[in-house]
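Each chain, letter by letter, is given below.
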Amino acid sequence: QSCIFARHGAEIAESTLCDWVKDASALLQPVVEAMKVSVLESFVIQSDDTQVRVLDPQHPNGSRRSFLWAYVGDRNEVVFDFTQGRGREGPRNFLGEFRGYLQADAYSGYDSVFATGRVVEVGCMAHARRGFFEALDSDAENAGRAIAVIRKLYDIEREAKERNLVAEERKALRQAEAKPILDALKPWLLALKPMVLPKSPLGQAIGYVINQWDALNRYLDDGRLEIDNNRTERQMRNVAVGRKNWLFAGSDEGGRCAAIFYSLICTCSL
């Protein structure tokens, strides 16, 4: 931008532009803080994270990994949080005293949040399906069968959406049609598990589903819950695409500024 302005006769230093971004984020921070309060009032929060590089002269490589976490609430608001690492203190500090449901992947960093007893874990069927998709090359028959079963679950969700079912009606549909499918899936996976190598793509996919079984089935119990966490993953895609252009944040402060702007822009998009 500095070069573009200069070509039009307006020479504005990069440092000045960066200061404008920093000052604007400071003005907007109270808005994002209010959005965070609203998100934490949700019945269910969906969460995901992605890494960003941060310049660090003290690091041997000149930069280090940090993370942006997205938290999407019931009111189509998303708040991003910047952390220096991917430890459990990130979601624990953000969620604080939140009580309700948290939908995320099986990352262990959320375990301390679930351990409080205030937060109930909801699994992500899209993550489960992804594992079987990656196993297609090594075991097309069994991986393909699992994908076909999961596709039936998504067909039920599509039907509920097309019929504009309210939460109680969606729960009833899931109990009548999705639950029998899942009840049949688990015994088949348990029988198949000893027949494949644990570290193989299919073995890992089966292990993920078995370990996450209760969380993956939790959406059956309440029509307000979603079958997957894709809504949040779509918000993270905005960061992933942008990251190819801006490559890194100049500092931790820059990472926090990015979180503020992403929160507002992605919420408006939702």
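Look up: the structure comes first, before these words.
Remember, predicted model here, so these are calculated numbers, not experimental data.

Trainee: Can you explain unusual backbone geometry? Please cite residues and give values.
Mentor: Positive phi outside glycine occurs at Asn-164, with the angle close to 55 degrees. On the secondary structure map, Asn-164 appears in the loop between helix H6 (140-162) and helix H7 (167-192). With a relative accessible area of 66%, Asn-164 lands in the exposed category. At Leu-247, a position not held by glycine, the phi torsion is positive, near 65 degrees. Position of Leu-247 relative to the elements: it lies in the loop between helix H10 (230-246) and strand E6 (248-249).

Trainee: So, the packing of aromatic side chains: which residues are in play, and what are the values?
Mentor: Aromatic rings in a pair are described by how distant their centres are and how their planes are angled relative to each other. Here the structure, examined in full by the defined rule, presents 6 aromatic pairs. When the ring of Trp-69 is compared with that of Tyr-110, the centres are 6.0 Å apart and the planes differ by 85 degrees; the resulting orientation is edge-to-face. Taken together, the positions of Trp-69 in strand E2 (residues 63-72) and Tyr-110 in the loop between strand E4 (100-103) and helix H4 (111-114) put the pair 41 residues apart, joining distant regions of the chain. Relative accessible area serves as the criterion here: at 0%, Trp-69 is assigned to the buried category. Among the aromatic residues, those joined into a cluster by ring pairs are Trp-69, Tyr-107 and Tyr-110. Seen from the ring of Phe-94, Lys-36 lies directly overhead, with NZ or CZ sitting 4.6 Å from the centre.

Trainee: With reference to specific residues and values, describe the nonpolar core.
Mentor: Grouped together as the largest cluster of nonpolar side chains are 39 residues, with contacts concentrated most on Met-125, Phe-132 and Tyr-219. When contributions to this core are tallied by element, the ones reaching two or more residues are helix H5 (125-134), H6, H7, helix H8 (201-211) and helix H9 (213-217). Element by element, the count of residues in this core is highest for H6, at 9 residues. When near neighbours in sequence (up to four residues on either side) are disregarded, Phe-132 contacts Ala-143, Ala-146, Ile-147, Ile-150, Leu-189, Leu-202, Ala-205, Ile-206 and Val-209. Judged by nonpolar contacts, the second largest core, of 20 residues, contains Val-79, Phe-98, Leu-102 and Ala-104.

Trainee: Quick rundown of the layout of surface pockets? Include the residues and the values.
Mentor: Where empty space is left becomes clear once a probe the size of a water molecule has been rolled over the atoms. Size it by volume and the largest pocket reaches roughly 700 Å³. Lining the largest pocket we find 18 residues, and of these Cys-18, Val-21, Phe-248, Gly-250 and Gly-254 sit closest to its centre. Every element with two or more residues in the lining of the largest pocket is listed here: helix H2 (14-39), E6 and helix H11 (252-269). Per element, the largest residue contribution to the lining of the largest pocket is 6 residues, and it comes from H11. Size it by volume and the second largest pocket reaches roughly 590 Å³. Along the wall of the second largest pocket there are 18 residues; nearest its centre are Glu-157, Lys-161, Arg-170, Glu-226 and Asp-228. Of all elements in the fold, only strand E1 (44-55), H6 and H10 reach the threshold of two or more residues within the lining of the second largest pocket. The element best represented in the lining of the second largest pocket is H6, accounting for 5 residues. Looking at the lining of the second largest pocket residue by residue, the class counts come to 5 nonpolar, 3 polar and 10 charged.

Criteria and thresholds
Residues numbered from 1 in each chain as written. Predicted model: local features only at pLDDT ≥ 70, side-chain atom pairs only at ≥ 80, totals over all residues. Heavy atoms only, no water. Helix = DSSP H or I, 4+ residues; strand = E, 2+ residues; numbered from the N terminus. Buried < 20%, exposed > 50% of the residue type's maximum accessible area, 1.4 Å probe, protein only. Phe/Tyr/Trp six-rings, centres within 6.5 Å; stacked < 30°, edge-to-face > 60°. Lys NZ or Arg CZ within 6 Å of the ring centre and 35° of its normal. Core = buried A, V, L, I, M, F, W, Y, C linked by side-chain atoms within 4.5 Å. Contact = heavy atoms within 4.5 Å. 1 Å grid on protein atoms, 1.4 Å probe; cavity = no way out; pocket = protein on both sides within 12 Å on 5 of 7 lines; lining within 4 Å. Points joined across faces, edges and corners; volume = space filled by probe spheres on them. Nonpolar A, V, L, I, M, F, W, Y, C, P; charged D, E, K, R; others polar.

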